[in-house]
Amino acid sequence: MVQGRGASAGTPRSYLDWAASAPLRPVAREAVYAALDLAGNPSSVHAEGRRARAAVEAARTAVATLVGAPSSAEITFTSGATEANVTALSPALCGGDPLLLVSAIEHPSVAAGGRFRPDDVAVVPVDGDGVVRLDQLADMLEQARARGQRPLVSLMLANNETGVVQPVAEAARLVHAAGALLHVDAVQAAGRIPVDMRALGADLLSLSSHKIGGPKGVGALVVRPGLSVPPLLTGGGQERRRRAGTEAVPMIAGFGAAAAAAKVDLEEIQRCSRLRDWLEADLDTMCGATVVFGRNAPRLPATSCFAVPGIAAETAVIALDLDGVAVSSGAACSSGKVAASVVLSAMGVPGELARGAIRVSLGWETQEDDVARFLAAWRKLVARLRPSVGQAA
């Protein structure tokens, strides 16, 4: 349970929007503060510069360890996962006839196509549970090979709205058999389930600091050895000439501290699956019309996305907030734009039901009291809207 702004100062609140952003870990805060006192530029050769460089390299090692990167040399720090995704999605990786294949449930920064022209982007469909159709991917890869193309495929490891975990390792085998490359957006998965870049077969992998309890404004792109990606930002020679600009040492240091802590806390986050299952069981008891999206597929242990016919997401989020519970109506990148989710639409969910989708996401500090508070607030909301819910059911 976290303290926050409620009906009165000091009113306890339950923060259940960890998929949007995790609270800053104390160790990350300490690392940021300590790095703020490092006067040197990491590119300088004097003692002060070397101390700043040491902080960056320690963080690089911690991030590499979290995701099983071959070595820390493959880590390039960015301003966040969006920059990492756009950097990764380069037509130059495809050769002379670029083609980007993205799943229908990708984050907007991937769905927008990165540096590919819209005409060079094709969408791989998903099934009703939000799992990528590997048969369709195989067909699209074969068609590309017949045309002499070497596609770049982008597939997220875990969906940011439903928590559904994708069969990335299986997709990687198809991709590599076709001579293509695979980019994996691991933003939601890192720190919540074990992530091993080599086991996944990813050629490129994107990460975000604030999803694992680090500071906002920093992320990373991991590139397998031997693969060269043209930089998005050019200028100086920072980050082994992969990303120009003086490194944000305090943010990077905080990212590294969060990555080290997240590696240790993986077992703790698994505990959330019990809380998530309890939450969903109570939702079913309250209203049999409740639909949990992706329920039949592998999911992150701490994410639940559901809807009840007749209850609008905007109404629910505001009511829950007033009762001291923070949840979201979907991906945080769509905040302020309550509309049918592109992800749920791709899963075949009717628009009216999709517009009622609520995402509850837990984290390492979530306790039973937090879930109980949410369930009490939701029960009150369902009771108030029960006539319309009953008709919809």
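Everything here concerns the structure above.
Here the structure is a predicted model, which means the values were calculated and not measured. (Residues numbered from 1 in each chain as written. Predicted model: local features only at pLDDT ≥ 70, side-chain atom pairs only at ≥ 80, totals over all residues. Heavy atoms only, no water.)

Glancing now at unusual backbone geometry. Even without being glycine, Arg-240 reaches a positive phi, approximately 55°. Within the secondary structure, Arg-240 sits in helix α8 (residues 238-241). The class of Arg-240 is partly exposed, set by a relative accessible area of 44%. (Helix = DSSP H or I, 4+ residues; strand = E, 2+ residues; numbered from the N terminus. Buried < 20%, exposed > 50% of the residue type's maximum accessible area, 1.4 Å probe, protein only.)

We now examine the pattern of salt bridges. Per the counting criterion, the structure on display carries 20 salt bridges. Asp-17 is the salt-bridge partner of Arg-359, the closest N and O atoms lying 3.2 Å from each other. Separated by 342 residues along the polypeptide, Arg-359 in strand β13 (residues 358-361) and Asp-17 in the loop between β2 (12-15) and α1 (26-36) bring together distant segments of the chain. Each member of the pair, Arg-359 as well as Asp-17, is classed as buried. In this structure, Glu-268 and Arg-271 form a salt bridge, with 2.7 Å as the shortest nitrogen-oxygen distance. What makes Glu-268 partly exposed here is its relative accessible area of 32%. Three or more residues are tied together by salt bridges with common partners; here these are Arg-53, Glu-57, Arg-60, Glu-239 and Glu-247. (Salt bridge = Lys/Arg side-chain N within 4 Å of Asp/Glu carboxyl O.)

Moving on: the sheet that holds strand β10 (residues 291-292). Pairing in this open sheet of three strands is antiparallel, and the strands run β10-β11-β13 from one edge to the other. Each edge of the sheet is formed by a strand with only one pairing partner; in this case those strands are β10 and β13. Where strand β11 (residues 303-307) lies against β13, four bridges are found, and the strand directions are antiparallel. Paired with Thr-303 across the bridge in β13 is Ser-361. (Pairing = 2+ DSSP bridges.)

What follows is about the pairing of strand β7 (residues 181-185). Counting buried residues in β7 gives five out of five residues, a clear majority hidden from the surface. Covered by surrounding structure in β7 are Leu-181, His-183 and Asp-185 together with Leu-182 and Val-184, the residues of both alternating faces. Both strand β6 (residues 152-154) and β7 contribute to a ladder of three bridges, which runs parallel. Counted as the bridge partner of Val-153 is Leu-182 from β7. Handedness of the crossover joining β6 and β7 through helix α6 (residues 168-177) is recorded here as right-handed. Sheet analysis places β7 next to strand β8 (residues 204-208), joined by three bridges and oriented parallel. Paired with Asp-185 across the strands is Ser-206, a residue of β8. (Right-handed = clockwise from strand over helix to strand, strands pointing away.)

Judged by pairing direction, the sheet is mixed, and its seven strands sit side by side in the order β3-β9-β8-β7-β6-β4-β5 without closing on themselves. Each edge of the open sheet carries a strand with a single partner, namely β3 (75-78) and β5 (121-124). Between one strand and the next, the sheet's axes are offset by a mean angle of 20°, whatever the strand orientation. Strand direction decides the pairing type here: strand β4 (residues 100-103) and β6, joined by three bridges, are parallel. Residue pairing for β6: Leu-101 is matched across the bridge by Val-153. Along the sheet, helix α5 (residues 134-146) contacts β4, β5 and β6; its crossing angle with β5, the most-contacted strand, is approximately 150°. Of the strands in this sheet, β6 and β7 are in contact with α6, which crosses β7 at around 160°. (Axes fitted to C-alpha atoms, helices over the stretch in contact; angles between N-to-C directions. Contact = heavy atoms within 4.5 Å.)

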